[in-house]
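A look at the structure
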Amino acid sequence: MQKFILTSEGKFKYGDVNLHKHLLVGDEMCIGGGFYEFDYVSGRLLLSGKSYDYGTPKWYFLDTLYLPEALQGFQILYEGIDVHDLVPAIKYY
């Protein structure tokens with residue numbers, strides 16, 4: 001399934017995995033997650049739901065959200081809210 005997580009360091013990670021924990025590497029800690037879907041026609045990444053193990057994404061824990069460079073140019077929405085409205089700063093890695 002197409003799942004995403006937020007790490008405690010502010011990294012946004014996503015992939016086609018069975019469990020959200022499969023997106024974690026080493027000693028990374030998850031602060032919530034959910035599901036994603038690309039809408040290539042409108043240039044959006046649509047995020048929704050919550051992780052069974054980690055709960056809803058805790059955007060309010062983050063000062064900076066680090067997004068993969070491949071997502072540059074996409075409008076990213078969580079439950080219809082632009083992530084720019086949820087996190088003070090966004091950087092790409």
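Up top you'll find the structure we're talking about.
A brief look at the structure comes next.

Cut-offs and rules
Residues numbered from 1 in each chain as written. Predicted model: local features only at pLDDT ≥ 70, side-chain atom pairs only at ≥ 80, totals over all residues. Heavy atoms only, no water. Pairing = 2+ DSSP bridges. Helix = DSSP H or I, 4+ residues; strand = E, 2+ residues; numbered from the N terminus. Polar contact = N/O pair within 3.5 Å; in protein donor to acceptor, adjacent residues only side chain to side chain. Contact = heavy atoms within 4.5 Å. Buried < 20%, exposed > 50% of the residue type's maximum accessible area, 1.4 Å probe, protein only. Lys, Arg positive; Asp, Glu negative; His and termini not counted. Salt bridge = Lys/Arg side-chain N within 4 Å of Asp/Glu carboxyl O.

Focus on the pairing of strand β6 (residues 75–78)
Both strand β4 (residues 44–48) and β6 contribute to a ladder of 4 bridges, which runs parallel. Its bridge partner lying in β6, R44 is registered against Q75. Pairing of β6 with strand β7 (residues 81–82), which is carried by 2 bridges, proceeds in the antiparallel orientation. Note that in β7 the partner of L77 across the bridge is D82. Here β6 folds back onto β7, and the loop between the two strands holds 2 residues, one of which, E79, carries a positive phi near 50°.

Structural notes on the sheet that holds β7
One open sheet accounts for 6 strands, arranged β2-β1-β3-β4-β6-β7; its pairing is mixed. Two strands lie at the open edges of the sheet, namely β2 (12–16) and β7, each paired on one side alone.

What about the side chain of K13?
Position of K13 relative to the elements: it lies in strand β2. Of note is the side chain of K13, whose polar atom sits 3.0 Å from the backbone oxygen of L23. Polar side-chain contacts of K13 include one of 2.8 Å to the side chain of E28. Ignoring anything within four residues of it in the chain, the contact list for K13 reads K3, F4, I5, T7, L23, L24, V25, E28 and Y93.

Notes on unusual backbone geometry
Of note in the backbone geometry, E79 takes a positive phi value of approximately 50° without being a glycine. Inspection of the secondary structure puts E79 in the loop between β6 and β7.

Here we look at the side chain of K58
Considering the arrangement of structural elements, one finds K58 in the loop between β4 and β5 (64–67). At 12 Å, D53 is the nearest oppositely charged side chain to K58, a buried residue that forms no salt bridge. When residues no more than four places from it in sequence are discounted, the contact partners of K58 are L6, I31 and G32.

Some remarks on the environment of H22
Mapped onto the elements, H22 comes out in the loop between β2 and β3 (30–39). Residue H22 is classed as partly exposed on the basis of its relative accessible area, which comes to 46%. For the pair formed by H22 and K11, sequence separation is 11 residues and the distance between their alpha carbons is 15 Å.

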